[in-house]
Structure formats: C-alpha cells, structure tokens
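Coordinates in review
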Amino acid sequence: MNKRPNILVIGDLMVDHYLYGSVDRVSPEAPVQVVKVKDEELLMGGAGNVINNLLSLGSKVGVCSVIGDDEGGEFLKIRLGQKGVVKEGWAIQKGRKTSHKTRVIASNQQIVRIDKEDSEDISNTSEDTLLLRTKIVLPFYDAIILSDYGKGVLTESLTKELISLAKEHNKPILVDPKGSDYSKYKGATLLTPNKKEAEFATSIMIKDDDSLKDALKALKQKCELTYSIITLSEDGIALLDQEFQKIPTVAKDVYDVTGAGDTVIASIAVSLVEGKSIKEAIEFANKAAAVAVSHVGCYAVKKEDIESFDESKKIVELKKLLELLPKDKKIVFTNGCFDILHSGHVKYLNEAKSFGDILIVGLNSDESVKRLKGESRPVNEFNDRAEVLAGLESVDFVVGFEDDTPYELIKAIKPDVLVKGGDYEGKEVVGSDIAKETRLVQFVDGKSTTNIIKRCAS
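Here is a short report on the structure shown in this document. (Residues numbered from 1 in each chain as written. Predicted model: local features only at pLDDT ≥ 70, side-chain atom pairs only at ≥ 80, totals over all residues. Heavy atoms only, no water.)

1. As for the overall build of the protein chain
Quick reminder of the rule: Each helix is a run of H or I in the DSSP string that is no shorter than four residues. Each strand is a run of E no shorter than two, and both are numbered from the N terminus. Classification of residues uses two cut-offs on accessible area relative to the type maximum, computed with a 1.4 Å probe and protein chains only: under 20% is buried, over 50% is exposed, and between them is partly exposed. Contact between two residues is taken to exist if any of their heavy atoms lie within 4.5 Å; hydrogens are not considered. Here the Shrake-Rupley method, with its probe set to 1.4 Å, supplies the accessible areas, and only the displayed protein chains count as covering residues.
A tally of regular secondary structure across the protein chain gives 15 helices and 18 strands. Taking all 458 residues of the protein chain together, 50% fall into the buried category. For the protein chain, long-range pairs separated by at least 24 residues make up 67% of all intrachain contacts whose partners lie at least 6 apart in sequence. When the accessible surface of the protein chain is split by element, carbon and sulfur atoms take 47% of a total near 22,200 Å².

Here's what the structure looks like:
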C-alpha cells in the first residue's frame, strides 16, 4: 500500500509541561530536594502524544476533542495548526480546564508530577459536535484511534456511537482504554490495556501464560473484539487472534515509560492501515515502544528509529558497511565460521567488543566453511548463522566473505583492532599488517563446535 495513512484521533488532549534541572542540595525548609531548573518544554500530551507519534510515523492526522477556554487550550490550538493536524471536531467548552501535567525531571529521573485538570464528562453540546463532525469526515479516514485518558471527552454514550459508526463504515477502531468497565468499548477492533489494566478490567490475576490467555479470552468475548491484546512492558505484547501468541520486546535501555502506550497504539494503527497482519503490526509496535522508552519524556518515534532495532539490519554487504561506519569510532574486527553458537563464542565476542566501539564480525560463506571444515559442514547455513550473531548485543555488524581468509575484507575495512583466538599465539594473524593493533582472546576450555557435534553424534 503506497498511499499515506490518514487516521482520525478522538480523545483527551493535554498539555505536557516538562521542567528539567539538577539536584545539588536538600531544602532547609523541609526534607525535600531542591531542583535548579535549567530548561523547560511544553508539548502536546494525552491524545496529543498519539498524534505526535502518528505524524512521526508518516501518517496524516485529524483530531476531534474538547478543550477549555484557557491558556492550555490556546497552546493546543496553535501547536496542532503548526503540525498540520486537521481539527475536524473541535469544541471549546467555557469554564472547562484544559488538562495540564507538569513533570519535574533531574538526572534523567522524574521526581514529581503536578496535575491541573477537569475530568468531568464534556457537555451534551460538545458531545453532539464531536459526533456530528465524525459522521461527516469518517469516510475520508482509514482508521480511528480513541485515546481515552478518563478526562471526560470519551463519554460512554459518545464512545458507543463512535464504535457503531466505525463498524458501519468498515473502519478499524483502536482504543487505548481507561477504567475497569470496558463495556463502552464493545465492538472495537482492539484495545491496548497493559497488564495491570487488564487485571482490573477482567478480575483475573495474570501470573502465568494460562492466566494471561484467560484474560485475553475474557476481553475478546466481553468486548467482542477482532483482536485481543495486552501489553506486558518488558515482556512484550500478548495477542489472541486465532491462537495465543507472546511477541517479545526488543527494549534495551529503559529511561522513561511515559507515553509508551500511545506509541504502541499509533504504531499498530499505521501498520494495519498499511496492510500488515496483526502480528506484523505488533512486532513493529514493540520496536517503536523500545525506542520510546529509551528516551526521557514522551518521544515521537520515527520509522528510521525503528529500523535501528531490526537486528537483520546488522547483516550487510561490504559496500553498505563502508557507508555506515562512523569515522570517529574505534572499529574492532574479528572473523570465524560461528557454525553452532555457544557460550565460548559469546564470551569471546563480548571481550572483542570491549576493545573498541563498533564490532564487525566477518562470517565465512557456506562454501568457505566447507573448504575449511569438510563436506559435513556447516551445520547451519549462512543466513541462520548471521541472524544468530546479529541477535547478540555485542555485535554491531555481520558481513560475509567467500575466501578462505578475510584478508580482502580487512583491507577494505581497515579496522583499528583485529581480534583472533588465543590459539594464534606465536602465529601470523591474517590482516595484522593492516590493523593498527592485534589482540588475542583466550578460548573457554572445552567449548567448541567440534565437541558439540561429537557429543550429538555419540
């Protein structure tokens, strides 16, 4: 699908106010930290963070919401206009306070949050405005996201009407739910509750895969969902479609989970509109969430960010590798067959990575391995060996070579450090005349592919 997704977001818009500073002392007035503010930032929050993520992922976006006639509401109007978001159903309710959340952050940690808001249901007039406008514009959109933060925009009656409308027009409608009663979301395409929210909504304590499956079934049946999903933080996302699946996360560094749920629902919506399967959409959302939580605050994820979490991008041809290598990093190179990866390999590669910034692994082609190890090798073909290596955190790039030695590869890469096994002590290391430095790493006793094959044979 080549056309740009066009998604309508309906829900609670907020102002996210960030105060960044440092803590050097404790207040003499009370036993509390004193934050010296160095910078501050105003962003769209709540449904606004869903909008930010959709825009960043390449979607066109329309919005329906209700704000107050106050400073926060004015900020949201201006910011949406600057971003090119179409204000489809837009109600300014007199006397209503626009949700405003202030987060104080020091040393990459959130210290306190201060909320100013109204959370009563919007007026009947505002509700009618949103519904009428949605009826008019829905045919021009590919999907709807209901971003419910429990601040009164998505009333029970409005939510039910919107879901009915989406089904009537055969448009997917995805909901980030709130509260314990999910009956108002009945008929949605999917909901994106986290584990705690799902437990609250189903009264099922999720402690293992069986109870997780029960909770997914309960949500699917009770809410008549097309797909049942529960987000599991560092454990990924659970899905019940035709069968139960757990799609693992790829998160590495977690600094702030703020807004990660918004990233997930935006990523799934874009993926489904682009024609991906639900599993592919969730895999994409997992990578997007991993990017989001590696930043402080609400981070709008870009597709190029997500590509960096795709391990297969580590497997490159030499020409592409030379384009990608940074000039200001210390490059480490090692090579091998890595036929059956074992703990000795992992320790060897971890130590090799410690000698510099970027570790490149030269991987013998299948024909090269056959010439070196015999007709029965390799046990695993090149693509499988490369994928396993790419899955290691220590490995930055995997590049194949056809020759018996990686000399031509080393000549092209010109690594700062060349690493080989301790069995090369006193021997000439191929490429040592090119690299600035050659380091030998001792193998782990008893750990070898040959020994593993012998044990399997016996």
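2. Thoughts on the environment of Val291
Note that Val291 resides in helix 8 (residues 278-293). Using a relative accessible area of 3% as the deciding quantity, one classes Val291 as buried.

3. Quick look at the side chain of Ser267
By the element assignment, Ser267 lies in helix 7 (residues 260-273). Ignoring any residue separated from it by four or fewer positions in sequence, one finds Ser267 in contact with Leu57, Phe284, Ala285 and Ala288.

4. Re helix 5 (residues 195-202)
Because the α-helix completes a turn every 3.6 residues, residues three or four places apart line up on one side. Let me state the cut-off plainly: Two N or O atoms form a polar contact when they lie within 3.5 Å of each other; inside protein one atom must be a possible hydrogen donor and the other a possible acceptor, and for residues adjacent in sequence the pair counts only when both atoms belong to side chains.
Those residues of helix 5 that fall on the buried side of the exposure criterion are Ala198, Glu199, Ala201 and Thr202. Elements that come into contact with the buried residues of helix 5 comprise helix 6 (209-223) and strand 11 (228-231). Measuring from the backbone nitrogen of Lys196 back to the side-chain oxygen at the start of helix 5 gives 3.2 Å, which picks out Asn194 as the cap.

5. Topic: the nonpolar core
Rules: In this text, buried Ala, Val, Leu, Ile, Met, Phe, Trp, Tyr and Cys residues form a nonpolar core when linked through side-chain atoms within 4.5 Å.
In terms of nonpolar packing, the biggest core is built from 41 residues, with Ile51, Leu54, Ile268 and Ile278 touching the most fellow members. With eight residues, helix 7 is the single largest residue contributor to this core. Setting aside chain neighbours within four positions, we find Ile268 in contact with Leu174, Leu190, Ile229, Ile278, Ala281, Ile282 and Ala285. Ranked by size, the runner-up nonpolar core spans 39 residues in total, among them Val66, Ile122, Tyr141 and Ile163.

6. Observations concerning the side chain of Ser99
By secondary structure assignment, the location of Ser99 is in strand 6 (residues 99-106). Its relative accessible area of 5% is what places Ser99 among the buried residues. A polar contact of 3.4 Å, which involves the side chain of Ser99, links it to the side chain of Glu117. Not counting residues within four places of it along the chain, the set of residues in contact with Ser99 comprises Leu13, Met14, Val15, Lys116, Glu117, Asp118 and Lys151.

7. Overview of the pattern of salt bridges
Stated precisely, the cut-off is as follows: Here, a salt bridge means any side-chain nitrogen of Lys or Arg that lies within 4 Å of a carboxyl oxygen of Asp or Glu.
The full count for this structure, using the stated rule, is 19 salt bridges. With a closest N to O distance of 3.4 Å, Glu117 and Lys101 form a salt bridge. Pair noted here: Glu117 is in the loop between strand 7 (109-116) and helix 3 (124-137) and Lys101 is in strand 6, with a separation of 16 residues, a long-range link. For Glu117, a relative accessible area of 25% corresponds to the partly exposed category. Residue class for Lys101 comes out buried when judged on its relative accessible area of 4%. Between Glu437 and Arg439 there is a salt bridge whose closest N-O contact spans 3.1 Å. Overall, the relative accessible area of 31% leaves Arg439 in the partly exposed class. The network of salt bridges with shared partners includes Lys101, Arg113, Asp115, Glu117 and Lys151.

8. A word on a negative patch on the surface
Put simply, the test is: Excluding any residue in a salt bridge, patches collect residues exceeding 30% relative accessible area, merging like charges within 9 Å and nonpolar Val, Leu, Ile, Met, Phe, Trp and Tyr side chains within 5 Å. As used throughout, the charge tally considers Lys and Arg to be positive and Asp and Glu to be negative, leaving His and the chain termini uncounted. Charged groups are reduced to one reference atom each: NZ for lysine, CZ for arginine, CG for aspartic acid, CD for glutamic acid.
Residues Glu367, Glu375, Glu402 and Asp403 make up a contiguous surface patch of negative charge. Mapped onto the elements of the fold, Glu375 is located in the loop between helix 12 (366-373) and helix 13 (382-390). Assessed through its relative accessible area of 67%, Glu375 is described here as exposed.

9. Remarks on the packing of aromatic side chains
This is how the line gets drawn: Each aromatic pair joins two rings of Phe, Tyr and Trp (for Trp, the six-membered one) with centres within 6.5 Å, and gets the label stacked for planes under 30 degrees apart, edge-to-face for over 60, and tilted for any other angle. Both a distance and an angle decide whether a charge sits over a ring: NZ of Lys or CZ of Arg must be within 6 Å of the ring centre and within 35 degrees of the ring normal.
Tallied over the entire structure, the rule returns two aromatic pairs. Taking the centre distance of 5.5 Å and the plane angle of 70 degrees together, the rings of Tyr182 and Tyr185 count as edge-to-face. An identical accessibility class is assigned to Tyr182 and Tyr185; each is buried. Of note, Arg439 hangs over the ring of Phe355, and the distance from its end group to the ring centre comes to 4.0 Å.

Function cannot be read off these values alone, since they describe shape.
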